[in-house]
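Understanding the architecture of this molecule
Spelled out, the chains give:
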Amino acid sequence: TKLPKGAINLIFSEKSPVQAFTFPGESIYGFTFHPELDIEDLHWRLDYYAKNYGLGAKKLAFLKKITRNAPYGVKPLNLFFKHIVKEKCVYSVKDIKI
């Protein structure tokens, strides 16, 4: 919910005020979510948490029932690799429109 000192917010929404950020002039970027996870990976994590941290069977079943694939979740990661890694883009404060 709070940016690191000196960071610039790149992605935000009403429900989540900080989703991706960068440090101007640096090739450092961060996501505050897991765009790489699909439903199978998320269910694997839930099973792991249930086994290792005592997540109850009813809670586990409920969480698995309400999870769904997010087909657009990987889009920020693809854009990140295209522009930041492949094209080696680095943004400065003057590049960021607020």
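Computed from a prediction, not measured in an experiment: that's the story for all the values here.

1. Quick look at the overall build of the protein chain
Across its full length, the protein chain holds 3 helices and 3 strands. The helix and strand sequence of the protein chain, counted from the amino end, reads β-β-β-α-α-α. Pairs at least 24 apart in sequence give 33% of the contacts found in the protein chain among residues at least 6 apart. Per element, the accessible surface of the protein chain, about 7900 Å² overall, is 60% carbon and sulfur.

2. Here we look at the packing of helix 1 (residues 39-53) against helix 2 (residues 57-66)
The N-to-C vectors of helix 1 and helix 2 enclose an angle of 170°; their axes lie 10 Å apart at closest approach. Classified by the angle their axes make, helix 1 and helix 2 are roughly antiparallel. For the pair helix 1 and helix 2, contact is made by His43, Leu46, Asp47 and Ala50 and by Leu60, Leu63 and Lys64, respectively. A breakdown of the residues in the contact of helix 1 with helix 2 according to their chemical character gives 4 nonpolar, 1 polar and 2 charged.

3. Description of the packing of aromatic side chains
On inspection of all chains with the given rule, the structure shows 5 aromatic pairs. Between tryptophan 44 and tyrosine 48 the ring centres are 5.7 Å apart and the planes differ by 15°, which places this aromatic pair in the stacked class. With tryptophan 44 and tyrosine 48 both in helix 1 and 4 residues apart, the pair spans about one turn of that helix. Note on tryptophan 44: relative accessible area 56%, which makes it exposed. Centre to centre, the rings of tyrosine 49 and tyrosine 53 are 6.2 Å apart; their planes meet at 55°, and the pair counts as tilted.

4. Observations concerning a negative patch on the surface
On the surface, Glu36, Asp38, Glu40 and Asp41 cluster together into a negatively charged patch. Secondary-structure assignment places aspartate 41 in helix 1. On the basis of relative accessible area, aspartate 41 is assigned to the partly exposed category, the value being 36%.

5. Details of the sheet that holds strand 3 (residues 29-31)
A sheet is described by the order of its strands in space; here 3 strands give the open sequence 1-2-3, paired in antiparallel fashion. Edge positions in the open sheet fall to strand 1 (8-11) and strand 3, since each of these has one partner strand only. On average, each strand axis in the sheet is tilted by 25° relative to the strand beside it, whichever way the strands run. Inspection of the sheet shows strand 2 (residues 20-22) paired to strand 3 by 3 bridges, in the antiparallel sense. Note on strand 3: the bridge partner recorded for alanine 20 is phenylalanine 31.

6. Some details on the side chain of threonine 67
Position of threonine 67 among the secondary structure elements: in the loop between helix 2 and helix 3 (75-86). When its relative accessible area of 18% is taken as the criterion, threonine 67 is described as buried. In terms of polar contacts, threonine 67 uses its side chain to reach the side chain of histidine 43, at 2.6 Å.

Each value, and the rule that gives it
Residues numbered from 1 in each chain as written. Predicted model: local features only at pLDDT ≥ 70, side-chain atom pairs only at ≥ 80, totals over all residues. Heavy atoms only, no water. Helix = DSSP H or I, 4+ residues; strand = E, 2+ residues; numbered from the N terminus. Contact = heavy atoms within 4.5 Å. Areas by Shrake-Rupley, 256 points an atom, 1.4 Å probe, with all protein chains shown as cover. Axes fitted to C-alpha atoms, helices over the stretch in contact; angles between N-to-C directions. Parallel < 35°, antiparallel > 145°, perpendicular 65-115°, else oblique. Nonpolar A, V, L, I, M, F, W, Y, C, P; charged D, E, K, R; others polar. Phe/Tyr/Trp six-rings, centres within 6.5 Å; stacked < 30°, edge-to-face > 60°. Buried < 20%, exposed > 50% of the residue type's maximum accessible area, 1.4 Å probe, protein only. Patch = residues over 30% accessible without salt bridge, like charges linked within 9 Å, V, L, I, M, F, W, Y side chains within 5 Å. Salt bridge = Lys/Arg side-chain N within 4 Å of Asp/Glu carboxyl O. Lys, Arg positive; Asp, Glu negative; His and termini not counted. Charge placed at Lys NZ, Arg CZ, Asp CG, Glu CD. Pairing = 2+ DSSP bridges. Polar contact = N/O pair within 3.5 Å; in protein donor to acceptor, adjacent residues only side chain to side chain.

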